Amino acid sequence: MVFLVVGDANADLSSTLARFPDEGDDVPMTELGYGSGGSGANVATALAKLGARARLVTAVGSDPGAAIALRAAREAGVDLSFVETHPTVATGTCVVAISPSGERTFLSFRGANAVVSCPDFEAVFQDVVHLHVAGHALLEGEQWLTTLALMKEATRRDVPLSIDICLPLVRARAEELFALAPRFAVLFGNQSELGELGGFAPNDHGATPCEAAIAALLGAGVPLVVGKLGAEGAVVAEGSTRTLVPPFPADVRDTTGAGDGFVGAFLYAWRRGATAEGAGRLGNAAGALVVSRPGAAASLPGREELSCLLSRHGSELHSSLLANDNPTIGRAT
Ligand code: RIB
């Protein structure tokens, strides 16, 4: 049973800054390194590291960046047979500036990600039980068309869909996002993304922008909206119920990829039959581990690490969810 993920694969050039610069500034870096990134590759890697089968649809360039972008996914055992290599467009690259607080700021070149073409449906959907859309995949060009085609085919096959939105998508296509909402069984967003999306939603009851976005998405037909709240944990919203899922303590070093770690762990648990709250707990545990070390995909935890963290905090979840012999459950959505 396979999780199909469509989204970006990037070579991340991560720089830790002594302080965040002003325009025209000159600021020293204290660390610099290349690593695997891109929200599509990160989520596929997160799932594979937990023991799930994951398949990635993306494109890279014919350049040294490609090996960096795909290294972690390859090592984790993600099925990369549907990754295209474009002959002339460079691999997506993200310059990540990490502030002393650990907060990341992205400067992204989308490159080959935007030109991925549509794979053969029969082959790419083989054994697929879930399609996850990493938000950048709905931004532009051929990748946008490919993603819409994959979503349509998933729906035709009764394969549930999820999406993790991103700021560029909210800014460029908010109305379309609301129109597509009923297609998703679960929608993820962080505080900034939901906050900006809330600006496009009716807010006549004094709700915060984040809550306005959640209410509008639920109203538009998404059954489950999950807000990733960073140090505050997560909120799981279904109907009129809002459940706050508490965070795990973390020594924050680099927040890059924490949201993708959350999404991978959430989907892994949820598709194994966990409640949304339980899946959020596993997502928070993964996020806490990711932020405590540098890099995106390379910092995603495996099953044992997650299990240790959960048991240290007295959580019962790990025994049933993280057991080797517990197959992915075909949750009816
Ligand atoms: O979601 C995290 C990813 O987003 C980073 O790895 C970086 O590539 C950015 O695109």
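Summarised in this report is the structure supplied together with it. By convention here, each chain's residues receive numbers from 1 onward along its written sequence. Given that the model is predicted, a residue must reach a pLDDT of at least 70 before its local features are reported, and side-chain atom pairs must reach 80 or more before they are shown or counted; all residues, however, enter totals for whole chains, interfaces and linings. Hydrogens are left out, water is left out, and the side-chain values use all remaining heavy atoms of the structure.

This part is about the packing of aromatic side chains. Put simply, two rings from Phe, Tyr or Trp (the six-membered ring, in Trp's case) pair if the centres are within 6.5 Å, and we call them stacked under 30 degrees between planes, edge-to-face over 60, tilted for the rest. Counted by the stated rule, this structure contains five aromatic pairs. Summarising the aromatic geometry, the rings of F188 and F266 are spaced 5.2 Å apart at their centres and angled 85° between planes, so their arrangement reads as edge-to-face. Here F266 lies in helix α8 (residues 258–270) and F188 lies in strand β10 (residues 186–190), a separation of 78 residues in the sequence. Both rings, one in F262 and one in F266, keep their centres 6.0 Å apart while their planes meet at 25°; by these two values the pair is stacked. Taken together, the positions of F262 and F266, both in helix α8 and four residues apart, correspond to about one turn of that helix. Each residue's exposure class comes from its accessible area (1.4 Å probe, protein chains only) as a fraction of the maximum for that residue type: buried when under 20%, exposed when over 50%, partly exposed otherwise. What makes F266 buried here is its relative accessible area of 0%. Strands here are runs of E lasting at least two residues and helices are runs of H or I lasting at least four, both read from the DSSP assignment and numbered beginning at the N terminus.

Right, let's get into unusual backbone geometry. Phi at D127 is positive, roughly 65°, even though this residue is not glycine. Here D127 is to be found in the loop between α3 (121–124) and β8 (128–134). Accessibility expressed as a relative area gives 43% for D127, which makes it partly exposed. Of note in this structure, D158 is not a glycine but carries a positive phi near 60°. The topology assignment puts D158 in the loop between α4 (141–156) and β9 (161–164).

These figures come from the coordinates and say nothing about function on their own.
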